[in-house]
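The residues making up each chain are set out below.
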Amino acid sequence: MKHLLLLLLVAVANAKVFDRCEWARTLKSHGMDGYRGVSLADWVCLTEHSSGFNTNATSPAKLNSIDYGIFQINSAAWCTDGRTESVNGCGISCSDLMADVGDSICCAKRIVRDPQGLDAWYRWISNCKGRDLSGTLTGCGV
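Description of the structure in this document.

## A short note on the nonpolar core
Core analysis: the biggest nonpolar cluster contains 36 residues, and Trp23, Leu27, Trp43, Phe71, Leu118 and Trp121 have the highest contact counts within it. Contributing elements (two or more residues each) for this core: helix H2 (20-29), helix H3 (40-51), strand S2 (66-68), helix H4 (94-99) and helix H5 (101-113). Ignoring sequence-local partners within four residues, the contact set of Trp121 consists of Trp43, Leu46, Phe71, Gln72, Ala108 and Ile111.

## Some remarks on the packing of aromatic side chains
Applying the stated rule across the entire model yields 5 aromatic pairs. Taking 6.1 Å as the distance between ring centres and 80° as the angle between the ring planes, the aromatic pair formed by Trp43 and Trp121 counts as edge-to-face. Linking Trp43 in helix H3 with Trp121 in the loop between H5 and helix H6 (122-127), this pair joins segments that are 78 residues apart in sequence. Taking the relative accessible area as the measure of exposure, Trp43 reaches 0% and is therefore buried. On the accessibility criterion, Trp121 (6% relative accessible area) is buried. An angle of 40° between the planes, with centres 6.4 Å apart, marks the rings of Phe71 and Trp121 as tilted. Residue Phe71 is located in the loop between S2 and strand S3 (73-74), and its partner Trp121 is located in the loop between H5 and H6; the two are separated by 50 residues in the primary sequence. Overall, the relative accessible area of 0% leaves Phe71 in the buried class. Following the ring pairs from residue to residue traces out a cluster consisting of Phe18, Trp23, Trp43, Phe71 and Trp121. The residue whose ring lies beneath Lys16 is Phe18, and the NZ or CZ to ring-centre distance is 5.0 Å. In this structure, Lys109 packs its charged tip against the face of Tyr35, placed 5.2 Å from the ring centre.

## Notes on the state of the cysteines
Counted by the stated rule, this structure contains 4 disulfides. Each sulfur in the disulfide pair Cys45 and Cys128 lies 2.0 Å from the other. Around the S-S axis, the bridge from Cys45 to Cys128 shows a dihedral of about -90° and counts as left-handed. Of this pair, Cys45 sits in helix H3 while Cys128 is found in the segment after H6, placing the two residues 83 residues apart along the sequence. On the accessibility criterion, Cys45 (3% relative accessible area) is buried. Residue classification places Cys128 among the buried positions, given a relative accessible area of 1%. Paired through a disulfide, Cys90 and Cys107 show a sulfur-sulfur distance of 2.0 Å. Disulfide Cys90-Cys107: torsion about the S-S bond near 85°, hence right-handed. Taken together, the positions of Cys90 in the loop between S3 and H4 and Cys107 in helix H5 put the pair 17 residues apart, joining distant regions of the chain.

So, how was this worked out
Residues numbered from 1 in each chain as written. Predicted model: local features only at pLDDT ≥ 70, side-chain atom pairs only at ≥ 80, totals over all residues. Heavy atoms only, no water. Core = buried A, V, L, I, M, F, W, Y, C linked by side-chain atoms within 4.5 Å. Buried < 20%, exposed > 50% of the residue type's maximum accessible area, 1.4 Å probe, protein only. Helix = DSSP H or I, 4+ residues; strand = E, 2+ residues; numbered from the N terminus. Contact = heavy atoms within 4.5 Å. Phe/Tyr/Trp six-rings, centres within 6.5 Å; stacked < 30°, edge-to-face > 60°. Lys NZ or Arg CZ within 6 Å of the ring centre and 35° of its normal. Disulfide = S-S within 2.5 Å.

The following block contains the structure:
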């Protein structure tokens, strides 16, 4: 338990809230534009509605699990938090998803490779899917 608390404190110390364009540039530099056919605008929309671009975001989720980080990645399926039984599909600690955007991006890439693709994120379905996202990257120069 002490180890988990220490990891969470490190994550809080490294927390960052990106602005929209800074996050779009970060995603692009990590190869997310067009990854598995997903547009940069879709990734930005997903993370805006999931976490408000906050790397330290957490939210309660189904089955007593928690969603972590800027992509709101679920502890039951994709990461381990020491509290939730997890498949740990990304092979990562949930606290790492809040401490390192590179780890979060790698895990998001892993999730989108599954047959569900972006449909794995209900906030993408309810806020972004099938919508005109043409203005999402306006002024970002990406």
